[in-house]
Amino acid sequence: MARQVAGGGRAVEVPPERLDGWFARFAERNDGVRTTLLTATEVRITAENGTTATATVSFGPLAAQGEHPGLAVEPLIRHAQTPRLIALLLVRKGGHSLGLAYDGRVVLSRTDRHHVQGRTAAGGWSQQRFARRREGQTRAALHSAAQDAYEVLLSRLSEVDAVVLGGDRRALGELRADRRLAKLFDRAEPRVLEIPEPRREVLAEAAQRARAVELVVREPTAGPE
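I will try to describe carefully the structure that is included in this document. Worth saying up front: this structure is predicted, and the values here are computed from it rather than measured.

What follows concerns the sheet that holds strand β9 (residues 105-113). Read across the open sheet, the five strands follow the order β9-β8-β7-β10-β11; overall the sheet is mixed. Either end of the sheet is taken by a strand with one partner, and the two such strands are β9 and β11 (188-193). Recorded for the sheet is a direction-independent mean angle of 15 degrees between the axes of neighbouring strands. Relative to β9, strand β8 (residues 95-102) runs antiparallel, the two being bridged by eight bridges. Looking at β9, one finds that Gly95 is bridged to Arg113. Against the sheet, helix α4 (residues 169-176) engages β7 (85-92), β10 (162-167) and β11, with an angle of about 110 degrees to β7.

In structure tokens form, the structure reads like this:
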């Protein structure tokens with residue numbers, strides 16, 4: 001599913017096994033490929049009509065680098081298709097799901113949900129009491145997430161190839177303040193997956209999405225006539 005990105009263009013997530021076909025279709029739609037630029041952190045393909053496709057290199061750096069004529073994405077495809085053991089941490093204010101996934105398949109997990117009341121339109125003392133209760137529920141949920149991350153992920157951190165986060169950035173930011181999880185967050189990939197309420201099936205989907213390569217496609221800006 002494509003989404004719009006800041007600065008124009010659209011982003012898509014492409015599974016490693018579909019990259020070859022995706023690039024072939026990109027070249028066909030855009031009159032061929034002029035150049036491919038490979039760097040440690042991204043690969044940029046420029047089509048003959050000026051359209052670009054920029055792939056962010058996850059689990060980098062990319063070993064092969066340089067500019068090449070035409071389509072030269074084999075190093076990126078090999079890199080993306082390498083099987084990896086990934087630690088996943090998905091958190092929203094009312095729940096979390098975390099675990100380990102090897103080559104897109106969850107092999108260890110723990111999921112928990114906590115009731116956090118929604119906002120209220122009431123005012124005065126009742127609203128203040130409601131807000132305190134809600135804050136307490138949120139703290140309890142995040143404490144549970146931190147404890148599970150410590151118990152499940154920290155003990156296996158030396159075995160994993162990467163860490164991928166997902167969910168609410170504010171909740172993740174609060175977990176980051178837990179000193180016990182410092183090494184986990186230090187290993188985290190820059191991309192944060194957007195997810196619904198964390199559940200076991202959401203974790204399974206995130207395990208697949210973590211492997212995917214994110215590509216941003218931008219068409220050339222029309223100049224003055």
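Tallying each qualifying case throughout the model produces eleven salt bridges. Residue Arg211 pairs with Asp103 through a salt bridge whose shortest N-O separation is 3.4 Å. Of this pair, Arg211 sits in helix α6 (residues 200-211) while Asp103 sits in the loop between β8 and β9; the two residues are 108 residues apart in sequence, bridging distant segments of the chain. A salt bridge links Glu151 to Arg110; the nearest nitrogen and oxygen atoms lie 2.7 Å apart. Of this pair, Glu151 sits in helix α3 (residues 124-153) while Arg110 is found in strand β9, placing the two residues 41 residues apart along the sequence. On the basis of relative accessible area, Arg110 is assigned to the partly exposed category, the value being 31%.

Attention now moves to the pairing of β7. In terms of burial, β7 is largely enclosed, as seven of its eight residues are buried. Bridging between β7 and β8 involves eight bridges; their strand directions are antiparallel. Paired with Ile86 across the bridge in β8 is Ala101. Adjacent in sequence and paired antiparallel, β7 and β8 are bridged by two residues. Two elements, β7 and β10, share six bridges in a ladder whose sense is parallel. Pairing of Ile86 across the sheet is with Ala162, part of β10.

Turning next to a nonpolar patch on the surface. Judged by side-chain polarity, Tyr102, Val107 and Leu108 come together as a nonpolar surface patch covering roughly 240 Å² of accessible area. Here Val107 lies in strand β9.

Turning next to the environment of Thr36. Note on placement: Thr36 falls in strand β3 (residues 33-38). Sequence-wise, Thr36 and Gly70 are 34 residues apart; in three dimensions their C-alpha atoms are separated by 6.3 Å. If we skip the residues at most four places from it in the chain, Thr36 touches Val43, Arg44, Ile45, Gly66, Glu67, His68, Gly70, Leu71, Ala72 and Val73. At a separation of 2.7 Å, a polar atom in the side chain of Thr36 contacts the main-chain carbonyl oxygen of Gly70.

With that settled, consider the packing of aromatic side chains. Within a pair of aromatic rings, the relevant descriptors are the distance that separates the centres and the angle that separates the planes. If you walk through the whole model with that rule in mind, you get two aromatic pairs. Consider the rings of Trp22 and Phe23, whose centres lie 5.4 Å apart with planes at 90 degrees: the pair is edge-to-face. By relative accessible area, which is 0% here, Phe23 ends up buried. Ring plane angle 10 degrees and centroid distance 5.7 Å describe the contact between Trp22 and Phe26, whose orientation is recorded as stacked. Remark: Phe26 and Trp22 occur in helix α1 (residues 19-29); sequence separation between them is four residues, near one turn of the helix. An identical accessibility class is assigned to Trp22 and Phe26; each is buried. Chaining the aromatic ring pairs together yields one cluster made of Trp22, Phe23 and Phe26. Cation over ring: Arg180 sits above Tyr150, and NZ or CZ is 5.0 Å from the ring centre.

Calculation criteria
Residues numbered from 1 in each chain as written. Predicted model: local features only at pLDDT ≥ 70, side-chain atom pairs only at ≥ 80, totals over all residues. Heavy atoms only, no water. Pairing = 2+ DSSP bridges. Helix = DSSP H or I, 4+ residues; strand = E, 2+ residues; numbered from the N terminus. Axes fitted to C-alpha atoms, helices over the stretch in contact; angles between N-to-C directions. Contact = heavy atoms within 4.5 Å. Salt bridge = Lys/Arg side-chain N within 4 Å of Asp/Glu carboxyl O. Buried < 20%, exposed > 50% of the residue type's maximum accessible area, 1.4 Å probe, protein only. Patch = residues over 30% accessible without salt bridge, like charges linked within 9 Å, V, L, I, M, F, W, Y side chains within 5 Å. Areas by Shrake-Rupley, 256 points an atom, 1.4 Å probe, with all protein chains shown as cover. Polar contact = N/O pair within 3.5 Å; in protein donor to acceptor, adjacent residues only side chain to side chain. Phe/Tyr/Trp six-rings, centres within 6.5 Å; stacked < 30°, edge-to-face > 60°. Lys NZ or Arg CZ within 6 Å of the ring centre and 35° of its normal.

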